[in-house]
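What the coordinates show
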Amino acid sequence: QVQLVESGGGLVQPGGSLRLSCAVSGDSLDDYHIGWFRQVPGKEREGLACIIADGSTYYKSSMKGRFTVSKDNAKNTMYLEMSSLKPEDTAVYYCAVGGPQKSVLASLLVSCHYSDYDYWGQGTQVTVSS
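This text gives an overview of the structure that appears in the document. (Residues numbered from 1 in each chain as written. Predicted model: local features only at pLDDT ≥ 70, side-chain atom pairs only at ≥ 80, totals over all residues. Heavy atoms only, no water.)

Section: the environment of Q39
What counts here: Working definition: helices are DSSP H or I runs of at least four residues, strands are E runs of at least two. Numbering for both runs from the N terminus. Burial status follows relative accessibility: with a 1.4 Å probe on protein chains alone, a residue under 20% of its type maximum counts as buried, one over 50% as exposed, and anything between as partly exposed. Should any heavy atoms of two residues lie within 4.5 Å, those residues are counted as being in contact. Here a polar contact means two N or O atoms within 3.5 Å. Within protein one must be a hydrogen donor candidate and the other an acceptor candidate, and residues neighboring in sequence count only if both atoms are side-chain atoms.
As for its position among the elements, Q39 is in strand 4 (residues 33-39). Classification of Q39 as partly exposed rests on a relative accessible area of 25%. Residues Q39 and V92 lie 53 residues apart in sequence; the distance between their C-alpha atoms is 5.5 Å. Apart from residues lying up to four places away in sequence, Q39 is in contact with E44, R45, A91, V92 and Y94. There is a polar contact of 3.1 Å between the side chain of Q39 and the side chain of R45.

Describing the sheet that holds strand 7 (residues 67-72)
Inclusion rule: At least two bridges found by DSSP between two strands are what make those strands a pair. The axes used here are C-alpha line fits, helices contributing only the stretch in contact, and every angle between their N-to-C directions lies in the interval 0 to 180 degrees.
Strand order in the open sheet formed by four strands is 1-3-8-7, and the pairing between neighbours is antiparallel. The sheet is open, and its two edges are formed by strand 1 (3-7) and strand 7, each paired on a single side. Averaged over all pairs of adjacent strands, the angle between strand axes in this sheet comes to 15 degrees, irrespective of strand direction. As judged from the six bridges shared by strand 3 (residues 18-25) and strand 8 (residues 77-82), these two strands associate in the antiparallel manner. Among the inter-strand pairings, A23 is bridged to a residue of strand 8, identified as T77.

Looking at the pairing of strand 8
Within strand 8, five of the six residues are buried, leaving the element largely enclosed by the surrounding structure. In this sheet, strand 8 lies alongside strand 7 in antiparallel orientation, the contact comprising six bridges. Each bridged residue has a counterpart across the sheet, and for S70 the counterpart in strand 8 is Y79. Hairpin geometry of strand 7 and strand 8 is characterised by an intervening segment of four residues between the two adjacent antiparallel strands and by a positive phi of about 55 degrees at N76.

In structure tokens:
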């Protein structure tokens, strides 16, 4: 089965940076679309950055220029690099993968909404505070 293990969360000062990692096991990451999400109490889980296919990357508008999603298929690991962090970025961050899709067309329909993802990490806390 596919399993995801997250790391890299912690406490960071406003304006600082963090790099979250998500190690995927059980299948090749190359066959899946990937995404990073976050959630705070009382709010819906929101998609931050997703790679739906090679060359097809989504970023939530408020994250553009600050967050970068990437993956290393050889290491079967995905990353979220965060910079210029703000207190409002404080949340539990989740990595997720979905698929594999049955066709190329199906892959093109995938979004960065949590409902399109099948396997989830357990979350890592990111706290931005002085």
